[in-house]
Amino acid sequence: MRIEGSAGTGGMAATSNGVQVIDIAGLTLTFDTADGPVYALSNVDLTISEGEFVSFIGPSGCGKTTLLRVIADLERPTGGHIRVNGVSPEEARLRRDYGYVFQSPALYPWRTIEKNVMLPLEIFGLPKAERRERARTFLELVNLKGFERKFPWQLSGGMQQRASIARALSFDPRLLLMDEPFGALDEIVRDHLNEQLLRLWGKTGKTVLFVTHSIPEAVFLSTKIVVMSPRPGRIIDVIDCDLPRERTLDIRETPAFLAIAHRVRDGLRAGHSYED
Amino acid sequence: MTAEALPAPRAAARPLSRIFAGAAGPVAVVVLALLAVWYVAAVLANWSLVAEAFARGGIPATFGDVLAGTLGGERPVLPAPHQILAELWKTVVDTPVTSRRSLVLHGWVTLSSTLLGFAIGALTGIVLAVAIVHLRMLEKSLMPWIISSQTVPILAIAPIIIVVLGSIGIRGVLPKSIISAYLCFFPVTIGMVKGLTSPDVLQRDLMRTYSASVADTLWKLRLPASVPYLFASLKVAVAISLVGAIVAELPTGAQAGLGARLLAGSYYGQTIQIWAALFAAAILAAALVAVVGMVERLVLRAMGARR
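Reading guide: rules and limits
Residues numbered from 1 in each chain as written. Chains lettered and ligands numbered in written order. Predicted model: local features only at pLDDT ≥ 70, side-chain atom pairs only at ≥ 80, totals over all residues. Heavy atoms only, no water. Helix = DSSP H or I, 4+ residues; strand = E, 2+ residues; numbered from the N terminus. Rg over C-alpha atoms; globule rule 2.2 N^0.38 Å. Buried < 20%, exposed > 50% of the residue type's maximum accessible area, 1.4 Å probe, protein only. Contact = heavy atoms within 4.5 Å. Buried area = accessible area lost by both parts, 1.4 Å probe. Salt bridge = Lys/Arg side-chain N within 4 Å of Asp/Glu carboxyl O. Polar contact = N/O pair within 3.5 Å; in protein donor to acceptor, adjacent residues only side chain to side chain. Nonpolar A, V, L, I, M, F, W, Y, C, P; charged D, E, K, R; others polar. Phe/Tyr/Trp six-rings, centres within 6.5 Å; stacked < 30°, edge-to-face > 60°. 1 Å grid on protein atoms, 1.4 Å probe; cavity = no way out; pocket = protein on both sides within 12 Å on 5 of 7 lines; lining within 4 Å. Points joined across faces, edges and corners; volume = space filled by probe spheres on them. UniProt positions renumbered as here; feature names shortened; annotations may be inferred. Axes fitted to C-alpha atoms, helices over the stretch in contact; angles between N-to-C directions. Parallel < 35°, antiparallel > 145°, perpendicular 65-115°, else oblique. Left-handed = near helix turned anticlockwise from the far one by under 90°. Pairing = 2+ DSSP bridges.

Draft legend 1. Inspection of the overall build of chain B at higher detail. Along the backbone of chain B there are 14 helices and zero strands. Reading chain B from its N end, one meets helices and strands in the order α-α-α-α-α-α-α-α-α-α-α-α-α-α. The C-alpha radius of gyration computed for chain B amounts to 26 Å, which surpasses the reference 19 Å derived for 307 residues by more than 25%, pointing to a less compact arrangement than a globule. Its C-alpha atoms give chain B principal-axis dimensions of roughly 90 × 75 × 35 Å. Within chain B, the proportion of its 307 residues that are buried is 41%. Within chain B, residue pairs in contact and separated by at least 24 positions form 73% of the contacts whose partners lie at least 6 positions apart.

Spelled out as structure tokens, the structure:
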């Protein structure tokens, strides 16, 4: 269990130092359904270094969520090689190596925001004083100070998702897995949260794996963009996104940003062409 | 003076609409309608009996005499509401609780086995549900027995339980409670199985990402999520627990309790006594359900339910 250390001290990890956090080779996953096999992932190769922000982009059904779930040991691959922080996904899960942010906040409605953030800490058996201290720290980090005693329904969708991010960060995992966390939010809230997330990433230096189907979101956030195509889910392009680390929303108007966005769009289109 | 008098007609102008704005109006109308139907039914049900009695006695009776007789007889076929209320008043308020005629005494005897049975039944129901949810094979192997247990008429099985338990030396309040529990564990099991499996995929996946133990998932996810289901079941359970306690008193020759009171009333044709005991049981059941409802509101409020 890695729970020592706290947010804001991760200066070392803010730059990639070459350590392989994710190492995937020839990964396949086939679901056996009543209508025959569904090839969710086919021959996926991918390596991700520590401190990177990697977006997975592709149309619905391209297996990007499935890939994230395989990394989180929520699905078992049917073939291939996968290592998370140098161990199997199951060991990584048992070691509590990652925090997972779902498409919806998945806060427990009977717990206050503070108690929701403390949920993993209770399960990991941290003493009460430290649980409270960490909840305070991470709720402040996601700008939810003053909402500790509110119940989830008393917060807006964006605030709920921020609380779920605080919950995922509260036990200081090495890896943050985010599955379309802002997909259900409106454009303005989403822009705002993207900026906050980028700042959070800068402060904590976590490795972030981020599933989205928004091109601007992927380009704005990432150091690396993985473009995927459906049926069978496979990687068709990995694009390095070498914009400066300090980004504001204005960057979306720059030629460099638009060039990367263009390449992502081309990749997505190529993946779709066989459906014409 | 005129200034003070002015608002009065205004307030009086729409007294009806004001009454019907709240719940009090409709409730009053329903109660009055029921009472009216009851009185008519009492007159019709008792008419021939009273008329015959007058005829046998050779007393010339007017319409009014018979009418009064139908509503004031000692052993009517159907007692009128005011007779039942008078009997309730007499046996609840005017009789000391130590007396064998006190309905409070009988009510307490039934209530105590109801509450014990409810506690045993609710606990059994929850434990069964937890077991069923965690051991999938139990769902197939245990559920049919649980369901068929409820198809057996309780009147048939109650004497068996009393006799069997009596033969191994268990007497008193416990056998009656076990019959209560036999009836009331069922809705709790059904409701709790539903409640314990109510968390959605995301909520369960979240626990898995924490590598949470089965116990943690039960205490921190499944049980809290099942609380609304639990209370819905408990409301049903507490009412049928009372039914179970009363039924348990019927075939066992119990000396005290609302069931014993019902039985004694029917032996001696004391219809008013039967109806008073029935009313007492209904009031007790309503009070028990209301208490469960109150606890439900308090608990759900503490768990952040929307107000």
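Draft legend 2. Seen up close, the interface of chain B and chain A. Contacts between chain B and chain A engage 21 residues on the former and 26 residues on the latter. A buried area of about 2200 Å², summed over both sides, lies between chain B and chain A, and 61% of it is on carbon and sulfur atoms. Linking chain B with chain A are three salt bridges, by the criterion used here. Between Asp205 of chain B and Arg69 of chain A there is a salt bridge, with its nearest N and O atoms 2.8 Å apart. Where chain B touches chain A, the interface holds ten residue pairs in polar contact (both at pLDDT 80 or more). Broken down by secondary-structure element, the contributors of at least two residues to the side of chain B that touches chain A are helix H11 (201-209) and helix H12 (214-249) of chain B. Here the element with the most residues in the side of chain B that touches chain A is H11 of chain B; it accounts for seven residues. Along the lines of polarity and charge, the residues of the side of chain B that touches chain A split into eleven nonpolar, four polar and six charged.

Draft legend 3. Broad picture of the packing of aromatic side chains. All names here are of chain A. Under the counting rule described, the total for this entry stands at 13 aromatic pairs over all chains. Centroid distance Phe53 to Trp201: 5.6 Å. Interplanar angle 90°. Geometry classified as edge-to-face. Of this pair, Phe53 sits in strand S3 (residues 53-57) while Trp201 sits in helix H6 (residues 187-204); the two residues are 148 residues apart in sequence, bridging distant segments of the chain. With respect to burial, Phe53 and Trp201 carry one shared label: buried. A ring pair is formed by Phe124 and Phe171, whose centres lie 5.0 Å apart and whose planes are at 90°; its orientation type is edge-to-face. With Phe124 in the loop between helix H3 (113-123) and helix H4 (128-141) and Phe171 in the loop between helix H5 (157-169) and strand S6 (175-179), this residue pair connects regions lying 47 residues apart in the sequence. Look at Phe171 and you get buried, because its relative accessible area is 1%. Each residue in the set Phe53, Phe182, Trp201 and Phe210 is aromatic and connected to the rest through ring pairs, giving one cluster.

Draft legend 4. Structural detail: the layout of surface pockets. Residues and elements named next belong to chain B. Quantified by volume, the largest pocket comes out at close to 330 Å³. In terms of lining residues, the largest pocket is bounded by 14 residues, among which Glu87, Lys90, Arg101, Gln270 and Gln273 are the most central. Among the elements of the structure, helix H6 (81-94), helix H13 (258-267) and helix H14 (271-302) are those that each provide at least two residues to the lining of the largest pocket. Among the elements that line the lining of the largest pocket, the one with the most residues is H6, at five residues.

Draft legend 5. Highlighting the UniProt feature "transmembrane region" (unreviewed entry) in chain B. In the UniProt entry, the feature "transmembrane region" (unreviewed entry) is given for residues 19-41, 108-133, 154-173, 179-197, 229-252 and 272-300 of chain B. Overall, residues 272-300 of chain B shows 100% helix and 0% strand. The separation of its end C-alpha atoms is 42 Å.

Draft legend 6. Focus on the packing of H3 of chain A against H4 of chain A. Residue and element names in this part refer to chain A. Where H3 contacts H4, the axes come no closer than 9 Å and their chain directions differ by 125°. It follows that H3 is oblique to H4 by the angle criterion. Where H3 crosses over H4, the handedness of that crossing is right-handed. For the pair H3 and H4, the contacting residues are Ile113, Glu114, Val117, Met118, Leu121 and Glu122 in the first and Arg131, Arg132, Arg134, Ala135 and Leu139 in the second. Classifying every residue of the contact of H3 with H4 gives six nonpolar, no polar and five charged.

Draft legend 7. Representation of the sheet that holds strand S4 (residues 79-84) of chain A within the structure. All names here are of chain A. Spatially, the three strands line up as an open sheet ordered S2-S1-S4, and their pairing is antiparallel. Sheet topology places strand S2 (36-49) and S4 at the edges, where each strand pairs with a single neighbour. Here the average twist between neighbouring strands, direction ignored, is 20°. Two elements, strand S1 (residues 20-33) and S2, share ten bridges in a ladder whose sense is antiparallel. The partner of Leu29 across the bridge, within S2, is Leu41.

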